[in-house]
Amino acid sequence: MTGAKLLVELRLVDQMTADGLRYHARRNPDWWKFGNRPDQIPYVMVGPVRTMETGAFIAMFENGPRRGGRGRK
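Below: a short report on this structure. By convention here, each chain's residues receive numbers from 1 onward along its written sequence. Confidence filtering applies because this is a predicted model: local features only for residues at pLDDT of at least 70, side-chain atom pairs given and counted only at 80 or more, and all residues used for totals across whole chains, interfaces and linings. With hydrogens and water set aside, each side-chain value is computed from the structure's full complement of heavy atoms.

## Some thoughts on helix α3 (residues 54-63)
Quick reminder of the rule: Classification of residues uses two cut-offs on accessible area relative to the type maximum, computed with a 1.4 Å probe and protein chains only: under 20% is buried, over 50% is exposed, and between them is partly exposed. Going along the chain from the N terminus, every DSSP run of H or I of four or more residues is numbered as a helix, and every run of E of two or more is numbered as a strand. Two residues form a contact once any of their heavy atoms are found within 4.5 Å. Under the rule applied, a polar contact is a pair of N or O atoms within 3.5 Å (in protein, one hydrogen donor and one hydrogen acceptor; residues adjacent in sequence only if both atoms are side-chain atoms).
Of the positions making up α3, those classed as buried are Ala56, Phe57, Ile58, Met60 and Phe61. Residues of α3 that are buried sit in contact with α1 (3-9) and α2 (18-27). Here α3 starts with a cap whose side-chain oxygen sits 3.0 Å from the backbone nitrogen of glycine 55, and that cap is glutamate 53.

Structural data, given as structure tokens:
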């Protein structure tokens, strides 16, 4: 299951796509917890796909700032 689909299934957002997640990662670098900086959680590569630790990913959307658009916050 993709991260975007998981967020919709958990009703943390009304709609989300992979492009939407990439947009949030670029637009909100201080809020986005994943990446290569020392203060971020590293992505885990599974073949050619970057994956994120699920608990931290969900917590970002449960506790994060309003993201605008059609999100529930």
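Following the structure, the description resumes.
## Details of unusual backbone geometry
Its identity is not glycine, yet arginine 11 carries a phi of approximately 65°, on the positive side. Structurally, the position occupied by arginine 11 is in the loop between α1 and α2. Owing to a relative accessible area of 55%, arginine 11 belongs among the exposed residues under this scheme.

## Quick word on α2
Note the following rule: Think of the arc as the fan of directions from the helix axis to the C-beta atoms.
Listed as buried for α2 are Gly20, Leu21 and His24. All buried residues of α2 project into a common sector of 100° when viewed along the axis, lining one side. Pointing more than 90 degrees away from the buried face of α2 are the exposed residues Asp19 and Arg26. Buried-residue contacts for α2 involve α1 and α3.

## Some remarks on the pattern of salt bridges
Here is the rule: Each reported salt bridge corresponds to a side-chain nitrogen of Lys or Arg within 4 Å of a carboxyl oxygen of Asp or Glu.
In total, this model carries 2 salt bridges according to the counting rule given. Of the charged contacts, one joins arginine 22 and aspartate 19 as a salt bridge, the two residues approaching to 2.4 Å between their closest N and O atoms. Here arginine 22 pairs with aspartate 19, and both are found in helix α2, just 3 residues apart, close to one helical turn. With relative accessibility at 42%, the residue arginine 22 sits in the partly exposed group. Residue aspartate 19 is classed as exposed on the basis of its relative accessible area, which comes to 51%. For the salt bridge of aspartate 39 with arginine 37, the shortest nitrogen-to-oxygen distance reads 3.0 Å.

## Thoughts on the packing of aromatic side chains
Note the cut-off: Stacked, tilted and edge-to-face are the three classes applied to pairs of Phe, Tyr and Trp rings, where Trp contributes its six-membered ring and a pair requires centres within 6.5 Å; stacked means planes under 30 degrees apart, edge-to-face means over 60, and tilted covers the rest.
Summed over all chains, the structure comprises 5 aromatic pairs. Taken together through their ring pairs, the aromatic side chains of Trp31, Trp32, Phe34, Tyr43, Phe57 and Phe61 make up a single cluster.

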